[in-house]
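# Residue-level structure breakdown
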Amino acid sequence: KSTKRALVFLLAVSVLGGLFLLAGCKGKAPSPAAETAEKSSAPAVLSPDPLYAVLGKADADISGAADIQIGEDGVTIDYHYYLDKEQDFDKTFGPHIAPKIRELYAKVKELGPVAFDVSVSDLGAEVWKPRLHFAVDRKMIVETDWTKLLDTDFFQVVKDLKTFD
């Protein structure tokens, strides 16, 4: 009888000790390693630098991003497309920009929605004229086989397409 009581008593003390130990750990401050892991899992701040690296910077006769604005709702890119007099915008712009968009989403993991405002300039002209606006997002890039859309379907696939003449 006394051995049974001693075993029950020891079991009860062990269970209570374990409960107190667990309760004590809950209020404990996180370790420095845990804090570092928590900080590193915070979303990265998006910078325009990797976007310029993929798109290039526009110049008088070079296509590229003229300006990149990063906001809470996404990124807006003013893109200058240098159009040679012999080029047809509708046929050349899709194959020009689609690989760059694909590369942007592959290299910049934190990139969300992007709106493009595209302006064109004829050979020798210094005036950039608004030509079109469109938007893309990561879901569209993931769900769409962009390699097949370069020539024929680019303008049908992008979102919020607006053209200006």
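Computed from a prediction, not measured in an experiment: that's the story for all the values here. (Residues numbered from 1 in each chain as written. Predicted model: local features only at pLDDT ≥ 70, side-chain atom pairs only at ≥ 80, totals over all residues. Heavy atoms only, no water.)

### Thoughts on the overall build of the protein
Helix and strand counts for the protein stand at 6 helices and 5 strands. Mapped in sequence order, the helices and strands of the protein form the string α-α-α-β-β-α-β-β-α-α-β. Scored against the burial criterion, the 165 residues of the protein give a buried share of 29%. Restricting the contact set of the protein to residue pairs at least 6 apart, pairs at least 24 apart contribute 51%. Carbon and sulfur atoms provide 58% of the accessible area of the protein, an area that totals close to 11100 Å². (Helix = DSSP H or I, 4+ residues; strand = E, 2+ residues; numbered from the N terminus. Buried < 20%, exposed > 50% of the residue type's maximum accessible area, 1.4 Å probe, protein only. Contact = heavy atoms within 4.5 Å. Areas by Shrake-Rupley, 256 points an atom, 1.4 Å probe, with all protein chains shown as cover.)

### Digging into the nonpolar core
Judged by nonpolar contacts, the single largest core of 32 residues is most densely connected at F116 and F134. Elements with a minimum of two residues in this core: helix 3 (49-55), strand 1 (64-71), strand 2 (74-83), helix 4 (89-107), strand 3 (114-122), strand 4 (129-136) and helix 5 (138-143). If we skip the residues at most four places from it in the chain, F116 touches L55, I77, Y79, I97, I101, L104, L132, H133, F134 and V136. (Core = buried A, V, L, I, M, F, W, Y, C linked by side-chain atoms within 4.5 Å.)

### Describing the environment of D59
Here D59 lies in the loop between helix 3 and strand 1. C-alpha of D59 to C-alpha of Y82: the two residues are 23 residues apart in sequence and 9.0 Å apart in space.

### So, the environment of P113
Within the secondary structure, P113 sits in the loop between helix 4 and strand 3. Its relative accessible area of 44% is what places P113 among the partly exposed residues. Residues P113 and R138, 25 residues apart in the sequence, show an inter-C-alpha distance of 6.8 Å. When near neighbours in sequence (up to four residues on either side) are disregarded, P113 contacts D73, G74, V75, Y105, V136 and D137.

### With respect to unusual backbone geometry
At D160, a position not held by glycine, the phi torsion is positive, near 50°. Note on placement: D160 falls in strand 5 (residues 159-163).

### Quick word on the packing of aromatic side chains
For the structure on display, the rule yields 11 aromatic pairs. A centroid spacing of 6.2 Å and a plane angle of 70° characterise the contact between F93 and F134, whose relative ring orientation is edge-to-face. A residue pair is termed long-range when its members are at least 10 positions apart, and F93 in helix 4 and F134 in strand 4 qualify at 41 residues. With relative accessibility at 0%, the residue F93 sits in the buried group. Residue classification places F134 among the buried positions, given a relative accessible area of 0%. (Phe/Tyr/Trp six-rings, centres within 6.5 Å; stacked < 30°, edge-to-face > 60°.)

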